[in-house]
Amino acid sequence: MNFTMSEQESLRCSSARNRGGVQRVEGKLRASVEKGDYYEAHQMYRTLFFRYMSQAKHAEARELMYNGALLFFSYNQQNSAADLSMLVLEVLEKSEAKVEDEILENLAKLFSQMDQNSPERVAFVSRALKWSTGGSSKLGHPKLHQLLAVTLWKEQNYSESRYHFLHSSDGEGCAQMLVEYSASRGFRSEVDMFVAQAVLQFLCLKNKNSASVVFSTYTEKHPSLEKGPPFVQPLLNFIWFLLLAVDGGKLTVFTVLCEQYQPSLKRDPMYNEYLDRIGQVFFGVPPKQSPSYGGLLGNLLNSLMGSGEEDDVGEEAQEDSSPIELD
């Protein structure tokens, strides 16, 4: 659409007026919050939100709610802040906003300010991930997962951080977090198990690149590991050979590997379940005839990879393309 110079000038003036209007309103609301009139200020934010939405002023509504949420967080008004954070998501959903790095960073910032144990935080992250993949319930945008993972890592919530790193493309960050996790919470005898599980899960999710990066970074940076390959720990040698086998795609190599390293693989009952899946994804092994994976192991696998997934087997599968349900 081509605008004349006067129309462009008019649009710029209109945008500047809107911006000025938002700033004036924000000034009044900030003054209310600073005086401690939290309830009145919260209600006014909500009133303005619905007014802007009815006028289709989506950018203004989003900016006002985002800044308002940060303001309430700075005064430790968690409930009001969480409510405005949800309204930010509502604008994104209703305006069908495109996913941009700045928006994802803003969502991660709101998440980082929320009370770590609040149910609102769980609801917020679930809804944010859903929006980030166009309203589907699957996966969530890798960049948002990465930002959430880093926030949770800073909070030393290693297990949740690990979950989000798995659905990002940040193998290096994941490895550095796992080094810290292992050193601060793990037994020395389990140093190899921290990275083995991550590599196997990345491979189950068809993310071969991150699997390789997490392995090489972890084994280089962990203070308790001697440099390899080959490694002192048989499990690390298995993972090293497995990554080479995945690149080569030879089923016989994969089969021999799994047989030779059974003593190491028996250390965690999930390893062989993951390897069944990896056999299907990278080596064309047909699924077992049993009616899907059973019991606890099946639940773990389904939560990792998303139940009802359509398999597109083969090395060419796009990275991070596997669906995942957010439990």
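The shown structure was predicted, so the numbers you read here are calculated from the model rather than taken from an experiment.

(A) Summary view of a negative patch on the surface. The grouping of Glu100, Asp101, Glu102 and Glu105 at the surface amounts to a negative patch. Here Glu105 lies in helix H5 (residues 101–113).

(B) Summary view of helix H9 (residues 171–185). Along its 15 residues, H9 runs 20 Å from first to last C-alpha, staying within 8% of the 21 Å computed at 1.5 Å per residue. Its buried side turned inward, H9 meets helix H7 (142–154), helix H8 (158–166), helix H10 (191–204) and helix H11 (208–221).

(C) Molecular detail of the nonpolar core. Formed by 50 residues in total, the largest nonpolar core has its most connected members in Val199, Leu203, Tyr218, Phe238, Leu275 and Ile278. The set of elements that each furnish at least two residues to this core consists of H7, H8, H9, H10, H11, helix H12 (234–248), helix H13 (251–260) and helix H15 (270–283). With 11 residues, H10 is the single largest residue contributor to this core. The contacts of Leu275, once residues within four sequence positions are left out, are Leu200, Phe238, Leu242, Phe254, Cys258 and Leu265.

(D) Region of the structure containing the packing of H11 against H12. Interhelical geometry of H11 versus H12 gives an angle of 150° and a closest axis separation of 11 Å. Looking at the two axes, H11 sits roughly antiparallel to H12. Helix-helix and strand crossings are classified by hand; for H11 and H12 the assignment is left-handed. For the pair H11 and H12, contact is made by Lys208, Ala211, Ser212, Phe215 and Thr219 and by Leu236, Ile239, Trp240, Leu243, Val246 and Asp247, respectively. Looking at the contact of H11 with H12, its residues break down into 7 nonpolar, 2 polar and 2 charged.

(E) Just the packing of aromatic side chains, in detail. What the rule picks out here adds up to 11 aromatic pairs. Arranged with centres 4.9 Å apart and planes meeting at 20°, the rings of Tyr158 and Tyr181 form a pair that is stacked. Separated by 23 residues along the polypeptide, Tyr158 in helix H8 and Tyr181 in helix H9 bring together distant segments of the chain. Tyr181 shares its class with Tyr158; the two are buried. Between Phe241 and Tyr261, the ring centres sit 6.5 Å apart and the planes meet at 45°, which makes this aromatic pair tilted.

Rules used in this analysis
Residues numbered from 1 in each chain as written. Predicted model: local features only at pLDDT ≥ 70, side-chain atom pairs only at ≥ 80, totals over all residues. Heavy atoms only, no water. Patch = residues over 30% accessible without salt bridge, like charges linked within 9 Å, V, L, I, M, F, W, Y side chains within 5 Å. Areas by Shrake-Rupley, 256 points an atom, 1.4 Å probe, with all protein chains shown as cover. Salt bridge = Lys/Arg side-chain N within 4 Å of Asp/Glu carboxyl O. Lys, Arg positive; Asp, Glu negative; His and termini not counted. Charge placed at Lys NZ, Arg CZ, Asp CG, Glu CD. Helix = DSSP H or I, 4+ residues; strand = E, 2+ residues; numbered from the N terminus. Expected span 1.5 Å × (residues − 1). Contact = heavy atoms within 4.5 Å. Core = buried A, V, L, I, M, F, W, Y, C linked by side-chain atoms within 4.5 Å. Buried < 20%, exposed > 50% of the residue type's maximum accessible area, 1.4 Å probe, protein only. Axes fitted to C-alpha atoms, helices over the stretch in contact; angles between N-to-C directions. Parallel < 35°, antiparallel > 145°, perpendicular 65-115°, else oblique. Left-handed = near helix turned anticlockwise from the far one by under 90°. Nonpolar A, V, L, I, M, F, W, Y, C, P; charged D, E, K, R; others polar. Phe/Tyr/Trp six-rings, centres within 6.5 Å; stacked < 30°, edge-to-face > 60°.

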